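# Summary of structural features
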Amino acid sequence: MNSIHIIGPLAAFLMTLLVIPVLRKIAFRINMVDKPNFRKVHTLPIPLIGGVGIFIATTLALGLALPFDLDILGFKNIYLAMSILLMMGVIDDFFELRATMKLAIQLVLAHFIFSQGIKIESLHGIFGIYELADWMQYGLTVVVIAGAVNAFNLMDGIDGLAAGLAIAGFAVFTVLAVLTNQFLLALVFLTYIGGLFGFLRFNLSKSQKVFMGDAGSLMMGFILVVSGIRLIQSAQSTANVSLVILGVVAVMLIPVFDALRVFRKRMKSGKSPFNPDKTHLHHLVLTTGLRHKASSLGIVGLMSGIILIGFISYQLVGLTVAFIAMLFLFSFVTSLLQFHNRLMSWKTKIKRMENTNQ
């Protein structure tokens, strides 16, 4: 690590501060805004250009910090796919594409990533499973990428949450990259952190608020999951491979398992898994009375707790038990929040009945 690792994140932060105000004005002119509805908590149209701003700022910053090393670990291929996903997200923010169309594009991009050699090749002894057959590598890689991208997109529901989770994720990945001597990849992660902090300056603002939009949340989910797989591959010949796997899973656990929990509940109720509602983790946290910033900090704190308990369990017992422990903590917290939500719902119904009888 040297001074070049300061240039990327600092440049991304400053460029985001410069780019987003310009994009914000353009968004209002072309009506690229998120309009309020019964599911939204905001009451005014909000520009959906945060993701585009982060993309532009980080691209410029990486070009400045890494003019001769842009193909580190096949990053050009990742960047190409990510750019296509960003464009799809922009179109979706404008026209609301069908879920099936978005999923099809994500699957094609996941196939492209696999074809570039970025894939899940082994479970490294998790639940006693090691090397995977070629067809299992393909199926698992494509499903994991598409699933994680959608899961992260669904977390973008309150101010600061998607960016906060992405910052925490990239911070963990930076540590893992350093442990496996992938210093240039660490710079890429730090640069995204700089861009995300610049975005938060506006996302948490009252007067200049912008949202990340589907373009941003899809892009962040994609770069996180693909980088996670690449980190695991680069660590396979090192003593830290199990720790890297643990870190990658811990980063993606909340978005992925919250999505699975919500999808299961919707299908159990006879609804489409893509039918929107207010049952995601951030919705449950909001029912406790916390505001957006506090709720986002709480969920990022839960991620930190999951990482901590995973690391402790890994050191004491092993990788499989660490996964079980992390999943148990997530399930325990969500169960408490669901119980509180049902309790508040019953209180509301009882008050309505009392008011009706008066």
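Values in this document were obtained by computation on a predicted structure and should not be read as measured data. One numbering rule holds for all chains: residues counted from 1, following each sequence as written. Residues qualify for local features only when their pLDDT is at least 70, as the model is predicted, and side-chain atom pairs are given and counted only at 80 or more; totals for whole chains, interfaces and linings, by contrast, use all residues. Side-chain measures here rest on the full set of heavy atoms in the structure, leaving out hydrogens and waters.

With that settled, consider the environment of Gly169. Tracing the chain through its elements places Gly169 in helix 6 (residues 161-179). The exposure class assigned to Gly169 is buried, which follows from its relative accessible area of 0%. Between the C-alpha atoms of Gly169 and Ala186, which are 17 residues apart in sequence, the distance is 12 Å. By definition in these notes, contact holds between two residues if any of their heavy atoms fall within 4.5 Å. Leaving out residues up to four positions away in the same chain, Gly169 has contacts with Leu224, Val251 and Met303. Helix and strand definitions here come from DSSP, where helices need a minimum of 4 consecutive H or I residues and strands a minimum of 2 consecutive E residues; each element is numbered from the N-terminal end. Exposure categories follow from relative accessible area, calculated using a 1.4 Å probe and restricted to protein chains: below 20% of the type maximum is buried, above 50% is exposed, and the middle band is partly exposed.

The end-to-end C-alpha distance of helix 6, which contains 19 residues, comes to 27 Å, matching closely the 27 Å that a straight helix rising 1.5 Å per residue would cover. In terms of residue burial, helix 6 counts as a mostly covered element, since 15 of its 19 residues are buried. Asn181 sits one or two residues past helix 6 and shows a positive phi near 60 degrees. A helix is expected to span 1.5 Å multiplied by its residue count minus one.

Below, the discussion takes up unusual backbone geometry. The phi dihedral of Glu96 falls on the positive side, at around 55 degrees, and the residue is not glycine. In this structure, Asn181 takes a positive phi of about 60 degrees despite not being glycine. As for its placement among the helices and strands, Asn181 is situated in the loop between helix 6 and helix 7 (183-203). A relative accessible area of 56% places Asn181 in the exposed class.

The salt bridge criterion pairs a side-chain nitrogen of Lys or Arg with a carboxyl oxygen of Asp or Glu, the two atoms within 4 Å. One pass over the full model with this rule turns up three salt bridges. We note a salt bridge from Asp159 to Lys209, for which the minimum N-O separation is 2.8 Å. One end of the pair, Asp159, is in the loop between helix 5 (134-154) and helix 6; the other, Lys209, is in the loop between helix 7 and helix 8 (213-234), and 50 residues separate them in sequence. Using a relative accessible area of 13% as the deciding quantity, one classes Asp159 as buried. Residue class for Lys209 comes out buried when judged on its relative accessible area of 14%. With a shortest N-O distance of 2.7 Å, Arg261 and Asp258 are connected by a salt bridge. Residue Arg261 and its partner Asp258 are both found in helix 9 (residues 241-268); the two are separated by three residues, about one turn of the helix. We note that Arg261, like Asp258, is buried.

The axes of two packed helices give the description: the angle between them and the distance between them. Simply put, an axis is a line fit to the C-alpha atoms, just over the touching stretch for a helix, and the angle between two N-to-C directions goes from 0 to 180 degrees. It is at 9 Å that the axes of helix 4 (residues 99-115) and helix 5 come closest, and there the two elements cross at 130 degrees. Judged on the interaxial angle alone, helix 5 and helix 4 are oblique. Taken as a pair, helix 4 and helix 5 cross one another with a handedness that is right-handed. Residue-level contacts link Leu103, Gln106, Leu107, Ala110, His111, Ile113 and Phe114 of helix 4 to Gln137, Tyr138, Thr141, Val142, Ile145, Ala146, Val149 and Asn150 of helix 5. The cut-offs work like this: below 35 degrees is roughly parallel, past 145 is roughly antiparallel, 65 to 115 is roughly perpendicular, and the gaps in between are oblique. The sense of a crossing depends on the near helix, which, turned anticlockwise from the far helix by less than a right angle, makes the crossing left-handed and, turned clockwise, makes it right-handed.

Ring geometry is summarised as follows: Phe, Tyr and Trp rings, the Trp one being its six-membered ring, pair when their centres sit within 6.5 Å, and such pairs are stacked at plane angles under 30 degrees, edge-to-face over 60 and tilted between the two. One pass over the full model with this rule turns up seven aromatic pairs. Taken together through their ring pairs, the aromatic side chains of Phe170, Phe173, Phe189 and Tyr192 make up a single cluster. Two conditions define a charge located above a ring, namely a distance within 6 Å from the ring centre to NZ of Lys or CZ of Arg, and an angle within 35 degrees of the ring normal. In this arrangement the basic side chain of Arg201 is found over the ring face of Phe202, its NZ or CZ atom lying 5.1 Å from the centre.

Quick look at the environment of Phe13 now. For Phe13, the position within the fold is in helix 1 (residues 4-30). On the basis of relative accessible area, Phe13 is assigned to the partly exposed category, the value being 29%. Along the backbone, Phe13 and Ala57 are 44 residues apart, and their C-alpha atoms lie at a distance of 7.6 Å. The residues touching Phe13, leaving out its near neighbours within four places in the chain, are Gly194, Gly195, Phe197 and Gly198.

This next bit is on the layout of surface pockets. Of the two site types, the cavity is a set of points on a 1 Å grid over the protein atoms alone where a 1.4 Å probe fits but cannot get out, and the pocket is an open set with protein on both sides within 12 Å along at least five of seven lines, each lined by residues with an atom within 4 Å of a point. Grid points are joined across faces, edges and corners, and a volume is the space filled by probe spheres set on the points. The volume enclosed by the second largest pocket comes to roughly 1,100 Å³. Lining the second largest pocket are 38 residues, with Leu140, Val144, Val249, Val256 and Phe257 sitting closest to its centre. Those elements that place two or more of their residues in the lining of the second largest pocket are helix 4, strand 3 (122-126), helix 5, helix 8, helix 9 and helix 12 (319-357). Examining the composition of the lining of the second largest pocket, we find that 10 residues originate from one element, helix 9, more than from any other.

Right, let's talk about the packing of helix 2 (residues 50-65) against helix 8 for a bit. At a minimum axis distance of 6 Å, the contact between helix 2 and helix 8 shows a crossing angle of 50 degrees. As judged from the angle between their axes, helix 2 and helix 8 are oblique. Here Gly51, Ile54 and Phe55 of helix 2 come into contact with helix 8, specifically with Gly216, Met219 and Met220. Classes in brief: Ala, Val, Leu, Ile, Met, Phe, Trp, Tyr, Cys and Pro nonpolar; Asp, Glu, Lys and Arg charged; the others, Gly included, polar. Class assignment for the residues of the contact of helix 2 with helix 8 results in four nonpolar, two polar and no charged.

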